[in-house]
Amino acid sequence: MTPTAIVGAVTASTVDATRREDQGRIDLGRAREQHAAYVAALETLGYTIVALPGDEANPDGVFVEDQAVVVGERALVCRSGHPGRRAEADAVEQALITLGLDVVRMPAPATLDGGDVLRLGSTLWVGRSDRTNDAGLAVLAEVFPTCEVRRVVLPNDVLHLKCVCSSPVPGVLVVADGLSAIDLPERVIRVAFEDRWAANVVGRGDQVIVGAGYPRVEAAIRAAGFEVLPVDMSEIRKGDGSLTCLSILIRG
Ligand code: CIR
């Protein structure tokens, strides 16, 4: 399969997205522009886009990453740890089936949000957040038997594992200081704890999309040999979103 990205849509109800603290009202017009710029950056990276239409009944629906974990040709459709987000899974499941993936649906009582799963090689590092329970880890291990599933204890107040780290391309980890749980042979790009939001990046080949406004993170990623594509995510961030959360990547 060619590299494919499933994305959601900013809808009127996005203003009601779940958030842990008030960061101001989401400006829908700007949020739509920022989402469009993010999708364009994914296209620059070479991803073919599958755009879900969005559903007003799902205010967090634009954060599609949480609904599935894909490894190779197999996809696990998650049962979100946020009960109000479980209805988002149907549209994502349908898109994955249409793409021809081997799709498995997570059963109750397991819960897991895709934002808690970081794949590095054949290891799936999983944040044991408020959204992801031990049964969720067990289902993940069952569905992806060729992967080793390893649990990561998160720093206080972190929503998902990938709020503080990401792997833009195979073999490279971007990680904020303060997350010491992951021991690995990957190339590591470290960023300061106060820049942790920007440790969440998306890449392909030698290009990496970075949230705008973090010059130290941009410099560190450039120094590692990548071209940086900054995108403004200020409105998306008000809904506790970052970069990886806006897509499900099938790397091809
Ligand atoms: C939520 O609380 O579920 C959404 N407002 C934000 C989800 C962000 N997801 C992610 O980073 N993977």
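Relevant structure appears above.
Since the model is a prediction, treat every value here as computed from it, not as a measurement.

Draft legend 1. Fine view of empty space enclosed by the protein. Here the structure, examined in full by the defined rule, presents two cavities of 30 Å³ or more. Computed from the structure, the largest cavity encloses a volume of approximately 160 Å³. Taken together, 19 residues make up the lining of the largest cavity; nearest its centre are Asp66, Arg85, Leu159, His160 and Asp240. Here the residues of the lining of the largest cavity sort into four nonpolar, eight polar and seven charged. Taken as a whole, the second largest cavity holds about 40 Å³ of empty space. Around the second largest cavity sit Thr14, Ala17, Ile26, Ala31, Val62, Phe63, Glu235, Ile236 and Gly239, which together line it.

Draft legend 2. Broad picture of the site of the ligand. Every residue near the ligand is listed here: Thr18, Asp60, Phe63, Glu65, Asp66, Arg85, Gly115, Arg131, His160, Gly239, Asp240 and Cys245. Contact between the ligand and threonine 18: a nitrogen atom at 2.7 Å from a main-chain N or O atom of the residue. The separation between a nitrogen atom of the ligand and a polar side-chain atom of glutamate 65 is 2.7 Å. When the free accessible area of the ligand is taken as 350 Å², the share hidden by the protein chains comes to 99%. With respect to the detected pockets, the ligand is housed in the largest cavity. Broken down by class, the residue content of the shell around the ligand amounts to two nonpolar, four polar and six charged.

Draft legend 3. Helix α3 (residues 134–143), seen in detail. Within the span of α3, buried status applies to Gly136, Leu137, Val139, Leu140 and Val143. Looking down the long axis of α3, one finds its buried residues gathered within 160° of arc, a one-sided arrangement. In this structure, the buried residues of α3 make contact with β3 (68–71), β4 (74–77), β5 (102–105), β6 (117–120), β7 (123–127) and β8 (148–152). Capping of α3 at its N-terminal end is provided by asparagine 133; its side-chain oxygen lies 3.2 Å from the backbone amide nitrogen of alanine 135.

Draft legend 4. Fine view of the packing of aromatic side chains. All told, the structure shown has one aromatic pair when counted by the stated rule. The ring of phenylalanine 193 carries arginine 196 above its face, with NZ or CZ at 4.0 Å from the centroid.

Draft legend 5. Highlighting the nonpolar core. Residues Tyr38, Leu42, Leu161, Ile209, Ile221, Met233 and Leu246 are the most contacted members of the largest nonpolar core, which totals 54 residues. Broken down by secondary-structure element, the contributors of at least two residues to this core are β1 (4–7), α1 (28–44), β6, β10 (172–176), β11 (187–191), β13 (207–211), α4 (215–223) and β14 (227–231). A total of six residues in this core trace back to one element, the largest contributor, which is α1. Not counting residues up to four positions away in its chain, the partners in contact with leucine 42 are Ala5, Val7, Tyr47, Ile49, Val202, Ile209, Ser247 and Leu249. Counting residues in each nonpolar core, the second largest holds 16 residues, with Val71, Leu112, Leu124 and Val143 among its members.

Draft legend 6. Representation of the layout of surface pockets. Quantified by volume, the largest pocket comes out at close to 670 Å³. Those elements giving two or more residues to the lining of the largest pocket turn out to be β3, β6, β12 (202–204) and β15 (247–250). Tallied by class, residues from the lining of the largest pocket come to 16 nonpolar, 10 polar and six charged. A volume near 540 Å³ is recorded for the second largest pocket. As for the second largest pocket, its lining consists of 19 residues, and the residues nearest its centre are Arg20, Asp157, Arg196, Trp197 and Arg237.

Draft legend 7. Representation of the pattern of salt bridges in the model. Under the counting rule described, the total for this entry stands at 15 salt bridges. Put simply, aspartate 134 and arginine 151 hold a salt bridge, and the shortest N to O gap is 2.7 Å. Of the two residues, aspartate 134 is situated in helix α3 and arginine 151 in strand β8; the sequence distance between them amounts to 17 residues. In this structure aspartate 134 comes out as partly exposed when scored by relative accessible area, which is 41%. Look at arginine 151 and you get partly exposed, because its relative accessible area is 46%. Put simply, arginine 222 and glutamate 218 hold a salt bridge, and the shortest N to O gap is 3.2 Å. Here arginine 222 pairs with glutamate 218, and both are found in helix α4, just four residues apart, close to one helical turn. For arginine 222, a relative accessible area of 44% puts it in the partly exposed group.

About the cut-offs
- Residues numbered from 1 in each chain as written.
- Predicted model: local features only at pLDDT ≥ 70, side-chain atom pairs only at ≥ 80, totals over all residues.
- Heavy atoms only, no water.
- 1 Å grid on protein atoms, 1.4 Å probe; cavity = no way out; pocket = protein on both sides within 12 Å on 5 of 7 lines; lining within 4 Å.
- Points joined across faces, edges and corners; volume = space filled by probe spheres on them.
- Nonpolar A, V, L, I, M, F, W, Y, C, P; charged D, E, K, R; others polar.
- Near = heavy atom within 4 Å.
- Polar contact = N/O pair within 3.5 Å; in protein donor to acceptor, adjacent residues only side chain to side chain.
- Areas by Shrake-Rupley, 256 points an atom, 1.4 Å probe, with all protein chains shown as cover.
- Sits in = over half its atoms within 2 Å of the grid points.
- Buried < 20%, exposed > 50% of the residue type's maximum accessible area, 1.4 Å probe, protein only.
- Helix = DSSP H or I, 4+ residues; strand = E, 2+ residues; numbered from the N terminus.
- Arc of directions from axis to C-beta.
- Contact = heavy atoms within 4.5 Å.
- Phe/Tyr/Trp six-rings, centres within 6.5 Å; stacked < 30°, edge-to-face > 60°.
- Lys NZ or Arg CZ within 6 Å of the ring centre and 35° of its normal.
- Core = buried A, V, L, I, M, F, W, Y, C linked by side-chain atoms within 4.5 Å.
- Salt bridge = Lys/Arg side-chain N within 4 Å of Asp/Glu carboxyl O.

Function cannot be inferred from these measures alone, as they are strictly geometric.
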